[in-house]
Each structure stands twice: as C-alpha cells, then as structure tokens.
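Commentary on secondary and tertiary structure
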Amino acid sequence: EELKPGDVLIGMASTGVHSNGFSLVRKVFEMTKESLDTYYDELGTTLGEALIAPTRIYVKALKSIKDAGVRIHACSHITGGGFYENIPRSLPEGISAQICRNNVQILPIFDLIARTGHIPERDMFNTFNMGVGMTVSVDKNDADKAVEILNNSGVEAYILGELVNSDEGVIIN
C-alpha cells in the first residue's frame, strides 16, 4: 500500500542457485561424477559444490530492518521465474522495478551456466536469481540505512534500482 515511484529496490545476495533452475542446469551440464567433480577457478570450488551451496534464509536480515524502524514497502523472494516473474508480484499495477544491470552482482556460477549453455541474459534473469536471493523496496530516504542494516546483519546488500511509473513489471537496463 505504501509503494510509490522513487522507492529504492535493494538486493540481498544469494548463496548460489538455491533450489530453482535445476532443470536448465541439468540441460547445460552433464550430471556425471566427472562433471560435478570438475574444479573451476572462477567458482573457487567444484561444479557440484557450487550447485549444492545451501540456500540463504533471509528472516533474520528482514527482522533486523524492521527492528531498526525501517518500513519495508515490498519484498520479493527471487525463486523460479527469476526477476521477471517474482518482483512484479509485489508491485501494484502501474509500478515497475527499474534495475540498473551494472548494479546486479552476478555470481560466477551464473556466468558459467550462461556461457556453457549459450543462454541469453534475459533468459538467465527469467530463470535464476543471478546472485540476488531477495529484494526489498523502501522509501528512498531509508535506503542507505536499510543497506547498512542488512550488511551488518551478515547479508550482503546493495541498491539495484528504483520503482517507476510503468506497466512493464521489471526493466533491466
């Protein structure tokens, strides 16, 4: 109800693929012991270990924002359907999330999946969390405080963009 154009969209880092997009992952990589045991410098681990990184839970981080008195206007868990399907669920008609592509801190596992599978970037953002497991929207005057609180709670957070008047849902540019 409090969402408005100019609110800031904050991303909270994921720990990896989490539990979504594995049908596509299985099409991109052979699910053999040899493939899963292959070490990738860019991942700092084997493919198998990167794929089973435990899913981050965001409850404590969200509670830390609330306890600090910052009002969250919207929250989106970036699961199956990625950015394009999940973020619009928290937005009213006529408001979209405008995300600066350069602000998204894409995890190396997603670069590897895209490169190996020759998957277009839009499809990646429509399937995976790309390194952002959850987003929150807050008033622009609370954005820096919210980012600081989240970072202090142990979850890397950063500004992705802002809410704008539009019916596009999510705009990544």
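Our subject is the structure listed above.
My aim in this report is to walk through the structure given alongside it, one point at a time. No experiment lies behind these values; they were computed from the predicted model shown.

Overview of unusual backbone geometry
One non-glycine residue, H18, adopts positive backbone phi at about 60°. Within the secondary structure, H18 sits in the loop between β1 (8-13) and α1 (22-28). Look at H18 and you get buried, because its relative accessible area is 6%. Positioned with a positive phi, M130 is a non-glycine residue whose angle comes to about 60°. Relative to the assigned elements, M130 resides in the loop between α7 (121-125) and β6 (132-138).

Digging into helix α4 (residues 59-67)
Because an α-helix packs 3.6 residues into every turn, residues spaced three or four apart end up facing the same way. Taken residue by residue, α4 has A61, L62, S64 and I65 as its buried positions. Buried residues of α4, seen end-on, are gathered within an arc of 155° and therefore sit on one face of the element. Counted as exposed and oriented over 90 degrees from the buried face of α4: V59, K60, K66 and D67. On its buried side, α4 packs onto β1, β4 (72-77), β6 and α8 (143-152). Of the residues one or two after α4, G69 is the one with positive phi, at around 90°.

Here is what the cut-offs are and how they apply
- Chains are numbered independently. Their residues run from 1 in the order of the written sequence.
- Reporting of local features is limited, given that this is a predicted model, to residues whose pLDDT is at least 70; pairs of side-chain atoms are given and counted only at 80 or more, and all residues count toward the totals for whole chains, interfaces and linings.
- By convention in this description, side-chain values take in all heavy atoms of the structure and omit both hydrogens and water.
- The helix and strand labels rest on DSSP assignments: H or I over at least four residues marks a helix, E over at least two residues marks a strand, and numbering proceeds from the N terminus.
- Each residue is assigned to one of three classes by its accessible area relative to the maximum for its type, calculated with a 1.4 Å probe on protein chains only: buried under 20%, partly exposed between the two thresholds, exposed over 50%.
- Think of it as the arc spanned by the lines of direction from the helix axis to the C-beta atoms.
- Contacts are assigned to residue pairs with any non-hydrogen atoms lying within 4.5 Å of each other.

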